[in-house]
Amino acid sequence: KSKEDIFLALYEAKSLERRAIMQKLLTASASTAGNLAAFRKYFIEFAVNDSWAFLLLEFRLYAIRNPESSDRLRKLYKSLLPENEEGAYGSILGPAAKGKKAISRTEAVHTAFAMLTALQLEAKFDPSVVTDDVLKRVAGQLFDAMFPGQ
């Protein structure tokens with residue numbers, strides 16, 4: 001197997017592992033509010049789990065640096081997402097807010113994790129400022145802004 005094959009297999013395995021963790025947290029909930037609380041817990045835990053975050057970052061950077069592999073990488077990425085993302089996220093987290101400034105649940109999920117990954121990168125660069133405590137607090141505030149309770 002090539003390095004790319006191994007990398008893709010690792011990415012897929014870790015993605016499925018993280019999905020199982022999220023599913024386990026959600027099984028303890030019987031309401032949208034409970035689901036949001038479970039997802040918030042997962043999101044904050046993700047903030048200090050930089051090994052997974054950096055694997056995701058490497059995955060994306062590899063796709064950018066290797067356009068010939070980009071289709072294969074995107075296909076794997078898409079295969080790990082729900083078929084109807086907005087419907088899936090909405091059924092778990094409740095519908096997205098409406099209005100001119102509102103963002104969809106799909107946009108919120110993707111961009112919130114992207115922002116968190118950038119923050120984790122900054123924590124590696126300047127850990128004296130962006131400590132684990134700062135990561136957790138900012139992750140909580142970011143989550144609350146991106147996923148307001150309905």
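Residues numbered from 1 in each chain as written. Predicted model: local features only at pLDDT ≥ 70, side-chain atom pairs only at ≥ 80, totals over all residues. Heavy atoms only, no water.

A.B. asks: Looking at this structure, I do not really get the pattern of salt bridges. What am I missing?
C.D. replies: Between side chains of opposite charge, a pair can form as their charged atoms come close. Per the counting criterion, the structure on display carries 7 salt bridges. Of the charged contacts, one joins Asp144 and Arg40 as a salt bridge, the two residues approaching to 2.8 Å between their closest N and O atoms. On the criterion of sequence distance, the pair formed by Asp144 in helix α7 (residues 132-146) and Arg40 in helix α2 (residues 32-47) is long-range, its members being 104 residues apart. (Salt bridge = Lys/Arg side-chain N within 4 Å of Asp/Glu carboxyl O. Helix = DSSP H or I, 4+ residues; strand = E, 2+ residues; numbered from the N terminus.)

A.B. asks: I keep staring at α7 and nothing clicks. Help me out?
C.D. replies: In an α-helix, one full turn covers 3.6 residues, which means residues spaced three or four apart are oriented alike. With 15 residues, α7 extends 21 Å between its outermost C-alpha atoms, agreeing within 8% with the 21 Å of an ideal straight helix rising 1.5 Å per residue. Among all positions of α7, only Val134, Leu135, Ala139, Gly140, Leu142, Phe143 and Met146 are buried. Tucked inside the fold, the buried residues of α7 contact α2 and α6 (105-125). (Expected span 1.5 Å × (residues − 1). Buried < 20%, exposed > 50% of the residue type's maximum accessible area, 1.4 Å probe, protein only. Contact = heavy atoms within 4.5 Å.)

A.B. asks: Teacher, can you tell me more about the packing of helix α1 (residues 3-27) against helix α4 (residues 67-79) here?
C.D. replies: Each pair of packed helices can be described by the angle between their axes along with the distance between the axes. Interhelical geometry of α1 versus α4 gives an angle of 20 degrees and a closest axis separation of 11 Å. In terms of orientation, α1 lies roughly parallel with respect to α4. The chirality of how α1 crosses α4 is right-handed. Of the residues in α4, those touching α1 at Glu4, Asp5, Leu8, Tyr11 and Glu12 are Ser69, Arg72, Leu73, Leu76 and Tyr77. In the contact of α1 with α4, the residues fall into 5 nonpolar, 1 polar and 4 charged. (Axes fitted to C-alpha atoms, helices over the stretch in contact; angles between N-to-C directions. Parallel < 35°, antiparallel > 145°, perpendicular 65-115°, else oblique. Left-handed = near helix turned anticlockwise from the far one by under 90°. Nonpolar A, V, L, I, M, F, W, Y, C, P; charged D, E, K, R; others polar.)

Coordinates in, geometry out; function isn't part of it.
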